[in-house]
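Listed below are the residues making up each chain.
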Amino acid sequence: MRIPRIRIEKRLSTPRWLPVASLIVALALAMLTIAVIFYVLGVNPIVAFQRIFRGGFGSAFGLRETVTKSIPLILIGVGLALAFKGRMYNIGAEGQLLVGAIFATGMQRFFPTWPAFLLLPAMFFAGFLGGALWAIIPALLKTRFRMDEVLTSLMLVYVANEAVKYLVYGPWRGTDTRGFPITDEFPAAAQIPSLVGSRIHYPTLILAILFAVLVYFLLARTKLGYEIRVTGENPAAAHYAGMDYQKVALLVMVISGGLAGLAGMGEVAGIHYRLRPPEAISPGYGFTAIIVAWLARLNPLAAILSAFLFGGLLVGGDAIQIALNLPAATVQLFNGVILLFVIAAELFNQYRLRLEV
Amino acid sequence: MLDFILAALRAAIPAGTPLLYGTLGEIYSERSGVLNLGVEGMMIMGAVSGFAAAQTTGSVWVGILAAAVAGALMALIHAFASVSLRVNQVVSGLALTMLGLGVSGMMGKRFVGQPLVVRLQPVRIPILSDLPILGVLLFRFDVMVYFSLLLVPLLWFVLYKTRAGLTLRSVGENPAAADVQGINVPFVRYAAVMFGGVMAGIGGAYLSMAYAPAWVEGMTSGAGWIVIALTIFAIWDPRRALLGAYLFGGVRVLQFRLQPLGISPNLLNMLPFLLTILVLWLSSGQAAKRRIGAPAALMTAYSREER
């Protein structure tokens, strides 16, 4: 049997318009594919897409929610863009987010009487620390024992998940929660302020954009950023040039984990004011952010834009779940299909295809 | 005490069977040089398809067939992306997992909360099943358990003792050399990846049709990722897959058995994932000592032009 072979030829140069054009085509094809899957599964795709768009971007309320949900996506997406640039496949951001949430919650438990100007920064710091610690485990296992970071970072997501559940069902369960598995409400000094009439906890948003800019400059303008890029693109060349692979691996993991931890802090102290079971804290921000980073072609500034897009998708996804009676996993369908088309599109920038039958 | 141990051992085998199917499939896929991180997605598609088909037709066999086809179709996506388009295998596999979780959730929505109308019945192997101790321990499982046990030596034999196995291994170790010898590298890789999909699909179906006969969204809950770790632990050898799968099956049983002792179920639920990391750590030490490791061409796309 002969498989029709697709001949792939390397492009000598990539025209400037091509990356943008291929991304747009990829997104369009992804939407078409999702529409077909919806149709096959008995969901009217036109109605579904309309609801998603209207839910996420079609009203002032929807837009405010979209911005709210893009805050963790920017933070994590920026960190993952950096990690993937350095060829560290940190798939465990979801777990790092949760550990950040635990650390931030712990901080306000231990210092409940601190004033806001001390407590909030301390909690942000704790959130970063928690996420970074959770991410440094797979990094060390990778650099010291050559253990695959994809698996170890992902396994730690499940562990973090159970850790949050353990705390809210056990030692940290609130005193006045009528049996619900949640902690008591954070004191006012431990609540991140929001824009009036919305859930946009703007200090976290400012922090997220600040980090996007910082990471962009780190990558584009510094010697360290150069080392990260070379290590990611060509580890052998980096090694011969005397670059320290271990330093790069640890650094990108600490930053990406720390940013995910900040996102976790933002969710518990900016939205819920409590630690809740993991599925209530995050609908999978850590996983969606993988696509945010990839869609942005690992550019931290572009990640802001793609985070906004996926924030809207999450809000719209909530809307169709209720309106069309779809399961929560529907958003994963978008994630999977879009990611497949985006990586396929990347190929077209470097190669041209010719079908040989 | 003996009863406790026996019961635990007996329960470990069905608990490990989905992992065994998945691992055997992933071993073949990786032996051809293609890492498929989409096992979780393929398994869950197998689980939902198997359940849906069995529920609507009333036949377990139609269910298992449907699961195998669903797994193969999912694997085909990964094969196309990683073999033909040569995209990053890590990201493609990840996308496959997300796709599977999403589609299965939508497909299974109307089956949530339904008990499965048919079951895989245990088969008592005549005479042997009446043996004291061993009879209960080994000879009273359902057909799919026996089938997986049969596959272990069979797949080992094919891999190491037949021409087909040699072809598969050579494609995974040195695709350029295999190509020179006239082996159709893309064909072998497609076949191996799709075989992996069939096996993962069946493993998922075993979960939803035999081990816990019901459909629950996201019911594989990480089993597909444990499979990938087990593939490394097995050093890509089907025989060792058996050991790893039942080890994890045993841990799953232990989780349930320790709960009445007052240990938090959440802490117990961490066990399989912590054990996965431990197992990976053990394998890494072993690999370094014996200088054995992954198929040399694992994760590298092959193209004649860039040889």
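Enquirer: Help me understand the overall build of chain B in this model?
Expert: Helices and strands together make up the secondary structure of chain B, namely 13 helices and zero strands. Along the chain direction, N to C, the helices and strands of chain B fall in the order α-α-α-α-α-α-α-α-α-α-α-α-α. Compactness check: chain B gives a C-alpha radius of gyration of 19 Å against a globular reference of 19 Å for 307 residues, within 12% of the reference. Put simply, chain B has 307 residues, and 53% of those count as buried. Considering only contacts in chain B between residues 6 or more positions apart, those separated by 24 or more positions represent 79%.

Enquirer: In this structure, what is going on with the overall build of chain A? I would like to understand it.
Expert: A tally of regular secondary structure across chain A gives 14 helices and two strands. Here the C-alpha atoms of chain A give a radius of gyration of 21 Å, agreeing with the 21 Å that 2.2 N^0.38 yields for 357 residues. The principal-axis extent of the C-alpha atoms belonging to chain A is close to 70 × 55 × 40 Å. Among the 357 residues that make up chain A, the fraction classed as buried is 54%. When contacts within chain A are restricted to residue pairs at least 6 apart in sequence, long-range pairs at least 24 apart make up 78% of them.

Enquirer: Honestly, the interface of chain A and chain B in this entry has me stumped. Any pointers?
Expert: Buried accessible area, meaning the area lost when the parts come together, often serves as the stated size of an interface. Across the boundary between the two partners, chain A contributes 41 residues, which contact 44 residues of chain B. Every element with two or more residues in the side of chain A that touches chain B is listed here: β1 (5-10), α6 (149-169), α12 (285-295) and α14 (330-350) of chain A.

Enquirer: Explain the environment of B:Ser104 to me, please; I cannot follow it from the model alone.
Expert: Residues and elements named next belong to chain B. Along the chain, Ser104 turns up in helix α4 (residues 89-108). For the pair Ser104 and Met43, spaced 61 residues apart in sequence, the C-alpha to C-alpha distance is 9.9 Å. The residues touching Ser104, leaving out its near neighbours within four places in the chain, are Ile44, Met45, Ala47 and Val48.

Enquirer: How should I be thinking about unusual backbone geometry in this particular structure?
Expert: Trans peptide bonds make up the majority, and among non-glycine residues the majority have a negative phi. Residues and elements named next belong to chain B. With phi around 45°, Ile235 is a residue other than glycine that occupies positive phi space. Examined against the element boundaries, Ile235 turns out to sit in the loop between α10 (223-233) and α11 (238-258). Phi is positive for Met299, which is not a glycine, with a value near 75°. Within the element layout of this structure, Met299 appears in the segment after α13 (271-290). On the basis of neighbour counts, which here come to 14 C-beta atoms within 10 Å, the residue Met299 falls in the partly exposed class.

Enquirer: How should I be thinking about the nonpolar core in this particular structure?
Expert: Note that soluble globular proteins tend to have their nonpolar side chains buried in a common cluster. By size, the foremost hydrophobic cluster in this structure holds 224 residues, and its most contacted members are A:Leu75, A:Ile76, A:Ala293 and A:Leu339. The leading source of residues in this core is helix α9 (residues 185-211) of chain B, at 18 residues. Apart from residues no more than four positions distant in its own chain, A:Ile76 is found in contact with A:Ala93, A:Leu97, A:Leu259, A:Ala260, A:Ala263, A:Tyr285, A:Gly286 and A:Ala289.

Enquirer: Just to check I follow, could you spell out helix α3 (residues 60-84) of chain B for this structure?
Expert: One turn of an α-helix holds 3.6 residues; hence residues three or four places apart share an orientation. Here α3(B) contains 25 residues, and its C-alpha end-to-end distance of 35 Å stays within 8% of the 36 Å for a straight helix at 1.5 Å per residue. Backbone geometry just downstream of α3(B) places B:Arg86 in the positive-phi region, at approximately 60°.

Enquirer: Would you explain the packing of helix α5 (residues 116-145) of chain A against helix α10 (residues 245-272) of chain A in this entry?
Expert: Any two packed helices are characterised by the angle at which their axes cross and by the distance between the axes. All names here are of chain A. Closest axis-to-axis distance for the α5/α10 pair is 6 Å, and the angle between their directions is 145°. The interaxial crossing formed by α5 with α10 has right-handed handedness. Broken down by class, the residue content of the contact of α5 with α10 amounts to 18 nonpolar, ten polar and one charged.

Enquirer: When you look at the packing of helix α4 (residues 93-110) of chain A against α12(A) in this model, what are you seeing that I'm missing?
Expert: All names here are of chain A. Axis separation between α4 and α12 bottoms out at 6 Å; the angle between their running directions is 130°. Comparing the axis directions of α4 and α12 gives the class oblique. Where α4 crosses over α12, the handedness of that crossing is right-handed. The residues of α12 that touch α4, namely those facing Ala93, Glu94, Gln96 and Leu97, are Tyr285, Gly286, Phe287 and Ala289. Class assignment for the residues of the contact of α4 with α12 results in five nonpolar, two polar and one charged.

Enquirer: It is not clear to me how the environment of B:Gly41 should be interpreted in this structure. Could you clarify?
Expert: Residue and element names in this part refer to chain B. Structurally, Gly41 is set in helix α2 (residues 39-57). Distance in space between the C-alpha atoms of Gly41 and Leu101 is 5.8 Å, their sequence separation being 60 residues. Contacts of Gly41, omitting those with residues within four sequence positions, involve Met74, Leu96, Thr97, Met98, Leu99, Gly100, Leu101 and Gly224.

Enquirer: How should I be thinking about the confidence of the model for chain B in this particular structure?
Expert: Detailed reading of predicted coordinates is not advised where the pLDDT is low. Residues and elements named next belong to chain B. Confidence along chain B averages 90 in pLDDT terms, with 97% of residues attaining 70 or more. The element-level mean pLDDT for chain B is lowest in helix α5 (residues 134-138), coming to 72, with α2 highest at 97. Both confidence scores are given for the complex: pTM 0.91, ipTM 0.90.

Enquirer: What's the story with the environment of A:Leu97 in this structure? I'm lost.
Expert: Residue and element names in this part refer to chain A. With respect to the helices, strands and loops of the structure, Leu97 is situated in helix α4. Residues Leu97 and Gly127 lie 30 residues apart in sequence; the distance between their C-alpha atoms is 8.2 Å. Here Leu97 is in contact with Pro72, Ile76, Gly131, Ala260, Gly261, Ala263, Gly264, Ser282, Tyr285 and Gly286, once residues within four sequence places are set aside.

Enquirer: What should I look at first to understand α12(A) in this one?
Expert: When you tally the buried positions in α12(A), you get eleven out of eleven residues, the bulk of the element. Those residues of α12(A) that fall on the buried side of the exposure criterion are A:Tyr285, A:Gly286, A:Phe287, A:Thr288, A:Ala289, A:Ile290, A:Ile291, A:Val292, A:Ala293, A:Trp294 and A:Leu295. Tucked into the core, α12(A) has its buried residues touching α3 (60-85), α4, α10, α13 (300-323) and α14 of chain A together with α4 of chain B. Just beyond α12(A), the residue with positive phi is A:Arg297, at close to 50°.

The rules behind the values
The numbers attached to residues start from 1 for each chain and follow its sequence in the written order. The naming scheme follows written order: chains are lettered A onward, ligands numbered 1 onward. In keeping with the predicted nature of the model, local features appear solely for residues at pLDDT of at least 70, side-chain atom pairs appear and are counted solely at 80 or more, and the whole-chain, interface and lining totals rest on all residues. Counting from the N terminus, the helices are DSSP H or I runs at least four residues long and the strands are E runs at least two residues long. Throughout, radius of gyration means the C-alpha value; the globule benchmark is 2.2 Å times the number of residues raised to the power 0.38. The burial label depends on the number of other C-beta atoms within 10 Å of a residue's C-beta. Counts of 20 or more mean buried, 12 or fewer mean exposed, and intermediate counts mean partly exposed, with C-beta atoms placed from the backbone. We call two residues in contact if the C-beta atoms placed from their backbones are at most 7 Å apart. Any set of buried Ala, Val, Leu, Ile, Met, Phe, Trp, Tyr and Cys residues joined through C-beta atoms within 7 Å is what this text calls a nonpolar core. Given a helix with a known number of residues, its expected span is that number minus one, times 1.5 Å. Here the axes come from fitting lines to C-alpha atoms, over the contacting stretch only for helices, and the angles between their N-to-C directions go from 0 to 180 degrees. Put simply, a crossing is left-handed when the front helix is turned counterclockwise from the back one by less than a right angle, and right-handed when it is turned clockwise. All residues other than Ala, Val, Leu, Ile, Met, Phe, Trp, Tyr, Cys, Pro, Asp, Glu, Lys and Arg, Gly among them, are scored as polar; the first ten of these are nonpolar and the last four charged. For classification purposes, angles smaller than 35 degrees are called roughly parallel, those larger than 145 roughly antiparallel, those between 65 and 115 roughly perpendicular, and all remaining angles oblique. Confidence scores per residue from the predictor, reported as pLDDT, run from 0 to 100.

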